[in-house]
Amino acid sequence: RLAYAIMGEKDEDRVKIIQFHQNYSYEDFVMGYKPNAEKGFTLVNGIFYDICQQAKLHHDVPYFLIIDEINRGNLSKIFGELLQLIEADYRDSPIQLAYNKQRFSVPSNLYLIGMMNTADRSLAMIDYALRRRFSFYEMKPAFENSGFKEYVDEKQDPRLNNLVKALMELNKVIADDDSLGNGFCIGHSYLCDLGDDYDLESIVEYDIIPMLREYWFDNNERFEKEAQRLRESIK
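Residues numbered from 1 in each chain as written. Predicted model: local features only at pLDDT ≥ 70, side-chain atom pairs only at ≥ 80, totals over all residues. Heavy atoms only, no water.

**Q** Go over the overall build of the protein chain with me, naming the residues and quoting the values.
**A** Looking only at helices and strands, the protein chain features nine helices and seven strands. Based on the C-alpha atoms only, the size of the protein chain along its principal axes is roughly 65 × 40 × 40 Å. For the protein chain, buried positions account for 38% of its 235 residues. In the protein chain, the share of contacts with a sequence separation of at least 24, taken over all contacts with a separation of at least 6, comes to 62%. For the protein chain, the exposed surface amounts to about 14200 Å²; the carbon and sulfur share of it is 47%. (Helix = DSSP H or I, 4+ residues; strand = E, 2+ residues; numbered from the N terminus. Buried < 20%, exposed > 50% of the residue type's maximum accessible area, 1.4 Å probe, protein only. Contact = heavy atoms within 4.5 Å. Areas by Shrake-Rupley, 256 points an atom, 1.4 Å probe, with all protein chains shown as cover.)

Below, the structure written as structure tokens:
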């Protein structure tokens, strides 16, 4: 939606989406040799190389590469020598690629949008070399958003209203906890796209409460108190 808003139209051909993971590499992202049917290897372009070439052909319109879970990959390893080229000052400035030895540049009309979950304890947020090349915006739970409020009101379910209020109170507790903070707040996605026969008990008991167990694994009293507050809200 952000990409389409900047475009001013909905053009799926100018938006590519990928997800980083711990085994994702430069060879997957930019260019690398892959096994072929002849039991040899073929030099194959990655998604970043392809979208850069596509954007160069239409330099008057914006293109977008959306990278989900951007902090799950080894970013220096994935971007390689292109780490410099994604800076604004070096756009459209060519360098020689490692594999095909050809000159390559990142066009100025290509935008990179990275998404990450700051609550993932097992991973560093992002390395500082790449941090300098991005602007950051924190997405917060939308319980107070007018669109979400309208969506909840349409359900005409007092139990759902009570659960929303309980989650907002819970998020205040999480945000004020020195070991957690805003990045660990419960999102509104658990209550989105509810069908006609939605089960709030299952959402609370099997989706949200287990996460609270992880949050307060060393504070059973706090966990039990907050879990019980959620259970009480939907009775």
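After that view, the rundown keeps rolling.
**Q** Explain the environment of Phe104 to me, using residue names and the numbers behind them.
**A** Mapped onto the fold, Phe104 is located in strand β6 (residues 103–104). Here the alpha-carbon distance between Phe104 and Asp92, two residues 12 residues apart in the chain, equals 8.5 Å. Non-local contacts of Phe104, meaning those with residues more than four positions away in its chain, are made with Tyr49, Cys52, Gln53, Lys56, Leu82, Leu85, Ser93, Pro94, Ile95 and Leu97.

**Q** Give a detailed account of the sheet that holds strand β7 (residues 110–114), specifying residues and quantitative values.
**A** Strand order in the open sheet made by the three strands is β1-β4-β7, with parallel pairing throughout. The two strands at the open ends of the sheet, each matched to only one other strand, are β1 (15–19) and β7. Each adjacent strand pair in this sheet contributes to an overall mean axis angle of 20 degrees, direction not counted. Two strands pair when backbone bridges link them, and strand β4 (residues 63–68) and β7 are joined in this way by five bridges, in the parallel orientation. Bridge pairing in β7 places Leu65 opposite Leu112. Of the strands in this sheet, β1, β4 and β7 are in contact with helix α3 (residues 47–57), which crosses β4 at around 160 degrees. (Pairing = 2+ DSSP bridges. Axes fitted to C-alpha atoms, helices over the stretch in contact; angles between N-to-C directions.)

**Q** Explain the packing of helix α6 (residues 146–155) against helix α7 (residues 158–176) to me, and be specific about the residues and the numbers.
**A** Across the interface, α6 lies against α7 with an axial gap of 8 Å and an inter-helix angle of 145 degrees. Handedness of the α6/α7 crossing: right-handed. Contacts from Phe148, Val152, Asp153 and Lys155 in α6 reach Leu160, Asn161 and Val164 in α7. The residue makeup of the contact of α6 with α7, split by class, is four nonpolar, one polar and two charged. (Left-handed = near helix turned anticlockwise from the far one by under 90°. Nonpolar A, V, L, I, M, F, W, Y, C, P; charged D, E, K, R; others polar.)

**Q** Which residues make up the packing of aromatic side chains, and what are the values?
**A** Per the stated rule, a full pass over the model turns up 15 aromatic pairs. With 5.2 Å between their ring centres and 20 degrees between their planes, Phe64 and Tyr111 make a pair best called stacked. Here Phe64 is found in strand β4, whereas its partner Tyr111 is found in strand β7, with 47 residues between them in sequence. Among the residues examined, Phe64 registers a relative accessible area of 0% and is labelled buried. Tyr111 gets classed as partly exposed once you look at its relative accessible area, which sits at 39%. (Phe/Tyr/Trp six-rings, centres within 6.5 Å; stacked < 30°, edge-to-face > 60°.)

**Q** An account of unusual backbone geometry is needed here, citing residue identities and associated values.
**A** One non-glycine residue, Glu69, adopts positive backbone phi at about 55 degrees. With respect to the element layout, Glu69 can be found in the loop between β4 and α4 (75–79). Here Lys101, not a glycine, exhibits a phi torsion of approximately 60 degrees, which is positive. Position of Lys101 relative to the elements: it lies in the loop between β5 (95–96) and β6. Given the relative accessible area of 51%, Lys101 is considered exposed.

**Q** Pulling in residues and values, what's your account of the side chain of Ser233?
**A** By secondary structure assignment, the location of Ser233 is in helix α9 (residues 220–233). What makes Ser233 buried here is its relative accessible area of 11%. Ignoring anything within four residues of it in the chain, the contact list for Ser233 reads Arg159, Asn162, Leu163 and Ala166.

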